[in-house]
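# What the coordinates show
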Amino acid sequence: LSGSLMSLYSEGELGSVAVRGCVQFSLHYDPAKKELQVHVVQCRELAEAKRQRSDPYIKTYLLPDKSNRSKRKTAVRKRSLDPIFNETLKYKLEKRDLQGRTLNLSVWHHDSLGRNLFLGEVEVALGAWDWANTRPEWFNLQPRMPIPSDGLASRGNLNLALKFIPAGSEGERCPGTPPTGELHIWVKDAQSLIPLQSGTVDAFVQCYVLPDDSKASRQKTRVVKRSLNPLFNHTMVYDGFQAKDLAEACAEFTLWHQEAFSKRQLGGIRLSLGTGEAEGGTPSTSGCPLCRGSGGDRGGLSAGSSYGLSVGWMDSTAQEQGVWKRLLQQPQQWVEALLPLRTN
């Protein structure tokens, strides 16, 4: 691999040159072109890479995308510690998709015979940037901090609503069987998704009501292509629940990026009381074996729970626990929730 391809991952080019100097650039978003424009003006007092000289160039990424698709570079300026670039590096994306993105701008010495040498970097959180400011600004170059494989706690938010209808509220659902409670789930949309690599996501949401992790329990939304704010508007219904069953259950939602022959998970949420155990009892299997989704998914769901067992999936955050508690406390009412898609 060339130094250029390895530069964001390898420590081989880092630390051999003491970082100093500064860089001047401006940021502008063009709504007509749907384009982020990084205008790199110049650098001053860069470190000397080799033999009292440097051949600097500038490289940018829109983190967390660390792939070549996110990389932009200026031309190399030979033999200069105060190079003038006056180049504009461009990214095509919606302005709302800049939320959660970080501009990584780094300065490198180009070595045609060996590895390129790191001369310093600047990182700008674009979600907090004042877009009214289009003037070039000076930034002090900083040493490189180790880049984690994925330092994001969340890759966006999931917007949904839930409703529990207790047994007997709407009469019997299946002839010859007693009426059972229903858990209604309305997956509305996802907001401000941060892609794993490419600029957009082909997203779908998958749901289980644990401890049943069988295919019969799984329900999915349709795939919404090329969007960081996908609208699903998909409803799911799980039958066969009593309130005590939901106290031991966990609704797990995961958001996935659909690829040609595989899928990759961006994050998820788990709605439960967060305890993972209860006192005594046996799993409940009563109720109608019908499980329905508006997308045509069908399958049985045994309304069992974690009775007496400690389980790893009852790890809901305080915010997620609050949603599940409101669901149990407010039967027959929609409980709205906008929750972060956590990566852990």
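Residues numbered from 1 in each chain as written. Predicted model: local features only at pLDDT ≥ 70, side-chain atom pairs only at ≥ 80, totals over all residues. Heavy atoms only, no water.

As a reminder of what qualifies: UniProt positions are given in the numbering used here, feature names are shortened, and annotations may be inferred rather than shown by experiment.
The protein appears in an unreviewed UniProt entry as SYTL1 protein from Pachyramphus minor. UniProt annotates the protein under Subcellular location (unreviewed entry) with the comment "Membrane".

### Observations concerning the pairing of strand β11 (residues 203–210)
Heads up, the condition is: Per-residue accessibility, obtained with a 1.4 Å probe over protein chains only, is compared with the maximum for each type, and a residue is labelled buried under 20%, exposed over 50%, and partly exposed between these values. Helix numbering and strand numbering both begin at the N terminus, where a helix is a DSSP run of H or I of at least 4 residues and a strand a DSSP run of E of at least 2. The pairing criterion for strands is at least two bridges between them, as found by DSSP.
Of all eight residues in β11, eight are buried, a share of seventy percent or more. On β11, burial covers both faces: Ala 203, Val 205, Cys 207 and Val 209 on one face and Phe 204, Gln 206, Tyr 208 and Leu 210 on the other are all buried. The pairing of β11 with strand β14 (residues 250–258) spans eight bridges and is classified as antiparallel. Along β14, the bridge assignment pairs Tyr 208 with Glu 252. As paired strands, β11 and strand β12 (residues 219–220) are joined by two bridges and run antiparallel to one another. Bridge pairing links Cys 207 to Gln 219 in β12.

### Here we look at the sheet that holds strand β2 (residues 35–44)
The cut-off we apply is this: Note on definitions: angles span 0 to 180 degrees between N-to-C directions of axes, and those axes are lines fitted to C-alpha atoms, for helices only across the stretch in contact.
In space, the four strands of this open sheet follow the order β5-β2-β1-β8, with antiparallel pairing throughout. Looking at the sheet topology across the chains shown, the edges are occupied by β5 (84–92) and β8 (137–140). Averaged over all pairs of adjacent strands, the angle between strand axes in this sheet comes to 30°, irrespective of strand direction. In this structure, β2 lies alongside β5, joined through seven bridges in antiparallel fashion. The partner of Gln 42 across the bridge, within β5, is Ile 84.

### Topic: the side chain of Asp 245
For the record, the criterion: By the counting rule applied here, Lys and Arg register as positive and Asp and Glu as negative, while His and the ends of each chain are not counted. We define a salt bridge as a contact between a side-chain nitrogen of Lys or Arg and a carboxyl oxygen of Asp or Glu at a distance within 4 Å. In protein, a polar contact requires one atom able to donate a hydrogen and another able to accept it; more generally it is a pair of N or O atoms within 3.5 Å, and residues adjacent in sequence count only if both atoms are side-chain atoms.
Residue position: Asp 245 is located in helix α2 (residues 243–248). No salt bridge is formed by the buried Asp 245; its nearest oppositely charged neighbour, Lys 244, is found at 5.9 Å. In this structure the side chain of Asp 245 is engaged in a polar contact, spanning 2.8 Å, whose partner is the backbone nitrogen of Gln 242.

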